[in-house]
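Okay, here's what each chain looks like letter by letter:
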Amino acid sequence: MYDPYISTAPSLFLPLACSVCADMSHRKFHAPRHGHMGFLPHKRSKKHRGRVRTWPKDDPSQPVHLTAFLGYKAGMTHTLREMHRTGLKQSKREEVEAVTIIETPPVIVVGVVGYIHTVRGLRSLKTIFAEHLSDECKRRFYKNWYKSKKKAFTKYSKKWQEETGKKQLDKDFAMMKKYCSVIRVIVHSQMRLLPIRQKKAHMIEVQLNGGSISDKVDWAKERLEQAVPVSAVFYQDEMIDVIGVTKGHGFKGVTSRWHTKKLPRKTHKGLRKVACIGAWHPARVSYTIARAGQKGYHHRTELNKKIYRVGRGVHIQDGKVIRNNASTNYDTSQKTVTPMGGFSHYGEVNNDFVMVKGCVVGAKKRVLTLRKSLLVHTSRKSNETIELKFIDTTSKFGHGRFQTAQEKRAFMGPLKKDALKTVPEPLPEEA
């Protein structure tokens, strides 16, 4: 039987060999690349606070409202709820879900900025600051507060008292109403209300949406030096975006930074490396090759985080201190969202808070920018009504057994450490 593959005739063998050569180029192992090219460059973020790069589209038919807020990551816990999503197998079943608590004390409005459209994008036309600024706000304008003369805004604030200054301010507000197409307010957080050592407030420019330009300017003017609570910005069951900086991990090798495969055990000069960093030509190392460098502390925007609860802080009502922001219709025990012993590496949450499903970027105490969603949500998941049955408040430091201090006392009984220490009476002095 004649077989052309075995034949030694050069006219038959050469063309076949060339065709085999063209098809034989292949890798021994097939795998997708390690790491996403869309997040390059992997370097440290310039800003510690998350920067909003895109604001939601303005709708003049809605009332004037803020489109973002500042919060501080406190920690995580879990909740129990019943699913209410039609057409789903899990519907009407109980589900345990991880949630993050973000403490959001009211922000203070301290300024208004008006922008006009130009061929090169937006340009700020006027910036107006309030008459009185707190020290925590002024600290933001200084590198070294205690060595400074603390004279920031002392001359500017006189504008609000003098007749000529008042006329100029009215003229500036009128100019904003006439020419501006975008109005944003400058707000700062209240650090003194938080269990954080930092005294310098975080400041952010937040876009106002809804109503006409005149309405926006009036809204901002009325609320200068006023506090705006988180309940005025976000509501229960809303989908929001969380912008922040991830937890930093320093300088890392390729195995940790890009999750490349480790080389075999007997590899010379180490095995947590990339074996081939590119072909001979081009005689350069491509930017797509995994290399050692900075891991973490990157700026990230996470979309579509569902709000499970907008909680009110510890407050006084009818002369009584109300501490029930973790109570539900099913679990009526009087307890706050702070777990036993406080959130580890954070402390107690005594202000308003936002509870979002899942995790968020950053370490504890990290400042986060919460922004209204850019999308119109229509899915069943995003429009689902959340009714929590139970919020866990056991200790996050050990094997947490007790939800409240009262429950622990009832179970453990009187403890030696809680007993009042009796001071021994001094011996009478002998004459």
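The paragraphs below set out a description of the structure included in this document. (Residues numbered from 1 in each chain as written. Predicted model: local features only at pLDDT ≥ 70, side-chain atom pairs only at ≥ 80, totals over all residues. Heavy atoms only, no water.)

1. A look at the packing of aromatic side chains
Short version of the rule: Stacked, tilted and edge-to-face pairs are distinguished by plane angle, under 30 degrees for stacked and over 60 for edge-to-face with tilted covering the rest, among Phe, Tyr and Trp rings (Trp via its six-membered ring) whose centres lie within 6.5 Å. What counts as a helix is a DSSP run of H or I of at least four residues, what counts as a strand is a run of E of at least two, and both are numbered from the N terminus. Look at NZ for Lys and CZ for Arg. If either is within 6 Å of the ring centre and within 35 degrees of the ring normal, a charge sits over the ring.
Per the stated rule, a full pass over the model turns up seven aromatic pairs. Note on Phe129 and Phe141: the rings are 6.3 Å apart at their centroids and 80° apart in plane angle, and the pair reads as edge-to-face. Linking Phe129 in strand E5 (residues 121-129) with Phe141 in the loop between helix H2 (135-138) and helix H3 (163-179), this pair joins segments that are 12 residues apart in sequence. Lying across the ring of Tyr297, Arg44 places its NZ or CZ 4.5 Å from the centre. Sitting over the face of the ring of Trp145, Lys150 holds its NZ or CZ atom 5.2 Å from the ring centroid.

2. Observations regarding the environment of His117
As a reminder of what qualifies: Should any heavy atoms of two residues lie within 4.5 Å, those residues are considered in contact.
Tracing the chain through its elements places His117 in strand E4 (residues 107-118). Sequence-distant contacts of His117, that is, excluding residues within four places in its chain, are made with Leu122, Ser181 and Val182.

3. Considerations on the pattern of salt bridges
Condition: In the sections that follow, a salt bridge refers to a side-chain nitrogen of Lys or Arg positioned within 4 Å of a carboxyl oxygen of Asp or Glu.
Taken as a whole, this structure holds 18 salt bridges when the rule is applied. Through salt bridges with shared partners, one network takes in Arg81, Arg85, Glu97, Lys357 and Glu384.

4. Here's the deal with the side chain of Lys305
The condition that has to hold: Buried, partly exposed and exposed residues are distinguished by accessible area as a fraction of the type maximum, computed with a 1.4 Å probe on protein chains only: under 20%, between the cut-offs, and over 50%, respectively.
Following the sequence through the fold, Lys305 ends up in strand E12 (residues 299-311). You can call Lys305 buried: its relative accessible area is 11%. Residues contacting Lys305, with those up to four places away along its chain left out, are Glu238, Met239, Ile240, Val242, Val356, Lys357 and Cys359.

5. Quick look at the pairing of strand E6 (residues 182-188)
Basically, it comes down to this: At least two bridges found by DSSP between two strands are what make those strands a pair.
Counting buried residues along E6, seven of its seven residues qualify, which places the element largely inside the surrounding structure. Covered by surrounding structure in E6 are Val182, Arg184, Ile186 and His188 together with Ile183, Val185 and Val187, the residues of both alternating faces. In the sheet, E4 pairs with E6 via seven bridges, with the strands oriented antiparallel. Its bridge partner being in E6, Gly114 is matched across the sheet by Ile183. Where E6 meets strand E7 (residues 203-209), five bridges bridge the pair, whose relative direction is antiparallel. Residue pairing across strands places Val185 opposite Val206, the latter belonging to E7.

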